[in-house]
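# Understanding the architecture of this molecule
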Amino acid sequence: MTQPTLTLNDGKRIPQLGFGVWKLADEDAPETVGLALEVGYRSIDTAAAYGNEAGVGRAIAASGIPREELFVATKLWNDAHGTDEALRAFDASLKRLGLDYVDLYLVHWPVPQRNAYVETWKALMRLREDGRARSIGVSNFTVAHLKRVIDETGSTPSVNQIELHPRFQQRELRAFHAEAGIVTEAWSPLGQGAALEDPVIRGIADKHGRTAAQVILRWHLDLGQVAIPKSQNPARIRENADVFGFSLDEADHAAIAGLDTPDGRIGPHPDTFG
Ligand code: NDP
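About the criteria used
Residues numbered from 1 in each chain as written. Predicted model: local features only at pLDDT ≥ 70, side-chain atom pairs only at ≥ 80, totals over all residues. Heavy atoms only, no water. Helix = DSSP H or I, 4+ residues; strand = E, 2+ residues; numbered from the N terminus. Buried < 20%, exposed > 50% of the residue type's maximum accessible area, 1.4 Å probe, protein only. Salt bridge = Lys/Arg side-chain N within 4 Å of Asp/Glu carboxyl O.

### Remarks on unusual backbone geometry
- With a phi angle near 75°, Lys23 is a residue other than glycine that sits in the positive phi range.
- Along the chain, Lys23 falls in the loop between strand S3 (19-20) and helix H1 (29-39).
- Lys23 sits in the exposed class, given a relative accessible area of 56%.
- The phi dihedral of Val111 is positive, around 45°, even though this residue is not glycine.
- In this structure, Val111 sits in the loop between strand S6 (102-107) and helix H4 (117-130).

### Notes on the pattern of salt bridges
- Scanning the entire structure with this criterion turns up 11 salt bridges.
- The partner of Arg171 in a salt bridge is Asp260, and the shortest N-O contact between them spans 2.8 Å. Remark: Asp260 occurs in the segment after helix H10 (250-257) and Arg171 occurs in helix H6 (residues 171-180); sequence separation between them is 89 residues.
- A salt bridge links Asp252 to Lys207, with the nearest nitrogen and oxygen atoms 2.7 Å apart. Taken together, the residues Asp252 in helix H10 and Lys207 in helix H7 (residues 199-208) connect sequence positions 45 residues apart.
- Among the residues examined, Asp252 registers a relative accessible area of 3% and is labelled buried.

Put into structure tokens, the structure is as follows:
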């Protein structure tokens, strides 16, 4: 599988297609992540909160793939904001993964009511200096949260991982990312499956002889962002990785752009969650 990558603001590279593992049970992770690695995914997105870092680590170890060919990301959960808490949470994640570094460490949610995300970000900056987190970023940060981090630390997150799918396209946030040099990473890139039933998407899929999921993933890649679809089904794991042999045209892009809706959000709002 061809592995298109994007260059981060720290000079490192991130694969545009990754494998998401939310809701994957720890005991199922070795088999499912093992298959994902076998069919060509080289980037895995886990989190302390997913409870499957150990299983992901076992899959990585069993794959025999050289560490430098993999891109492993994990995230700091909402109970670990603060300097000491963040450093401890990172150590615990690394230990569960069985790795001596991660490629990307993210603050999972800003939890603004705790007002500790700037301090937490500074702890991540230390982890990057140590080289144990090669790149650092955030997740679910709004423009206001990002501006505050940048203004108060002078350091711009390399990535913001956000809810993003055809019904929730996050135009304002993506424009800010482009201006600030932050790579956009789409979580729930398939809208947790719902977007796959959309008649516009299905029409485009029929036109290209592709599936709805492949059309949506191709759309993400064309927009220049990272997408991390999750599947536990072997055929769908393969299907979601097979998105490099076709292209969408301008009419397809215009039609998908029209699917954005103000009430398209599926997950919680970053201003209140945590
Ligand atoms: P996705 O948009 O990736 O959709 C996953 C769902 O779609 C599953 O039910 C899956 O079922 C189904 N599916 C996957 N591929 C296909 C296909 N080709 N055809 C039909 N159905 C399909 O949603 P997620 O919420 O899992 O998001 C992806 C990843 O993003 C997560 O795993 C996690 O890593 C990350 N994430 C991050 C968040 C954050 O706060 N930072 C929040 C939420 C997610 P099946 O398994 O049966 O194939």
